[in-house]
Amino acid sequence: MSGSTCPPSWKPGPPPPGHFKLNFDGSAIGWLGPTDFSGIIHSGDGNLLLSFAGPPGISDSTSAEFAGLFDGLSIFQDRFFGSLIIEGDSKVAIDWFATSKAPPQRH
């Protein structure tokens, strides 16, 4: 995120004890090109619990980021219970998650 700073509470590495952390990412080749996404979920003791990846299809990078976030949240909800910390490099996806607003409309 060029030109932005991380909030003071952000710390790289594993989540604190008793928490989980979802790291996600998505990418696209060009505008409306081939996309993919991936992510990992760590436990509070630093163990990698699982990784995931998928090809959402032909879209843009923002849609690929949302696909990574949504897939990670779905996997977490199906398999784990507890406090979840979300990390990703998409300010749009993180802001949407933090404010629970509808995802941006694509035109």
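Peer 1: Teacher, can you tell me more about the nonpolar core here?
Peer 2: Generally speaking, soluble globular proteins have nonpolar side chains that are buried together. Grouped together as the largest cluster of nonpolar side chains are 16 residues, with contacts concentrated most on Leu22, Ile41, Phe52, Leu69 and Ile86. For this core, the elements supplying multiple residues, two or more each, are strand 1 (19-28), strand 2 (33-43), strand 3 (48-59), helix 1 (61-79) and helix 2 (91-99). At 6 residues, helix 1 tops the list of elements feeding residues into this core. Those residues within four positions of Leu22 in sequence are excluded, and the remaining contacts are Ile40, Ile41, Phe52, Leu69, Gly72, Leu73, Leu84, Ile85, Ile86 and Glu87.

Peer 1: Help me out: how do you make sense of the pairing of strand 2 in this one?
Peer 2: Within a regular strand, the side chains alternate between the two sheet faces. Pairing between strand 1 and strand 2: 9 bridges, direction antiparallel. Counted as the bridge partner of Asp25 is Ser38 from strand 2. The antiparallel pairing of strand 1 with strand 2 creates a hairpin that spans 4 residues between the two strands, and Gly30 there sits at a positive phi of about 75 degrees.

Peer 1: What is the right way to look at a nonpolar patch on the surface in this model?
Peer 2: On the surface, Trp31, Leu32 and Ile58 cluster together to form a nonpolar patch covering roughly 400 Å² of accessible area. Mapped onto the secondary structure, Ile58 falls in strand 3. Classification of Ile58 as exposed rests on a relative accessible area of 63%.

Peer 1: Quick question: what am I supposed to make of the confidence of the model for the protein here?
Peer 2: When pLDDT is low, close inspection of the predicted coordinates is not appropriate. Looking at the protein as a whole, the pLDDT averages 82, with 80% of positions reaching at least 70. Confidence over residues 1-9 falls short of pLDDT 50; this stretch has 2 contacts with residues more than four positions distant or in other chains.

Peer 1: Sorry if this is basic, but what is going on with the packing of aromatic side chains here?
Peer 2: To describe a pair of aromatic rings, one takes the distance between the centres and the angle between the planes. Tallied over the entire structure, the rule returns 8 aromatic pairs. Ring plane angle 80 degrees and centroid distance 5.2 Å describe the contact between Phe70 and Trp96, whose orientation is recorded as edge-to-face. Pair noted here: Phe70 is in helix 1 and Trp96 is in helix 2, with a separation of 26 residues, a long-range link. On the basis of relative accessible area, Phe70 is assigned to the partly exposed category, the value being 35%. Following the ring pairs from residue to residue traces out a cluster consisting of Phe66, Phe70, Trp96 and Phe97.

Peer 1: Is there a simple way to explain the environment of Trp96 in this structure?
Peer 2: For Trp96, a relative accessible area of 18% gives the class buried. The sequence separation of Trp96 and Phe66 amounts to 30 residues, and the corresponding C-alpha distance is 9.5 Å.

Peer 1: How should I be thinking about the pattern of salt bridges in this particular structure?
Peer 2: For side chains bearing opposite charge, pairing can occur when the charged atoms are close. Here the structure, examined in full by the defined rule, presents 2 salt bridges. With a shortest N-O distance of 2.8 Å, Glu87 and Lys21 are connected by a salt bridge. Of this pair, Glu87 sits in strand 4 (residues 83-88) while Lys21 sits in strand 1, and the two are 66 residues apart along the sequence. Exposure remark for Glu87: the relative accessible area of 12% places this residue in the buried category. The class for Lys21 is buried, based on a relative accessible area of 2%. Of the charged contacts, one joins Lys91 and Asp95 as a salt bridge, the two residues approaching to 2.7 Å between their closest N and O atoms. Linking Lys91 with Asp95, this pair stays in helix 2, spanning 4 residues, or about one helical turn. By relative accessible area, which is 36% here, Asp95 ends up partly exposed.

What counts and how
Residues numbered from 1 in each chain as written. Predicted model: local features only at pLDDT ≥ 70, side-chain atom pairs only at ≥ 80, totals over all residues. Heavy atoms only, no water. Core = buried A, V, L, I, M, F, W, Y, C linked by side-chain atoms within 4.5 Å. Buried < 20%, exposed > 50% of the residue type's maximum accessible area, 1.4 Å probe, protein only. Helix = DSSP H or I, 4+ residues; strand = E, 2+ residues; numbered from the N terminus. Contact = heavy atoms within 4.5 Å. Pairing = 2+ DSSP bridges. Patch = residues over 30% accessible without salt bridge, like charges linked within 9 Å, V, L, I, M, F, W, Y side chains within 5 Å. Areas by Shrake-Rupley, 256 points an atom, 1.4 Å probe, with all protein chains shown as cover. Salt bridge = Lys/Arg side-chain N within 4 Å of Asp/Glu carboxyl O. pLDDT = per-residue confidence, 0-100. Phe/Tyr/Trp six-rings, centres within 6.5 Å; stacked < 30°, edge-to-face > 60°.

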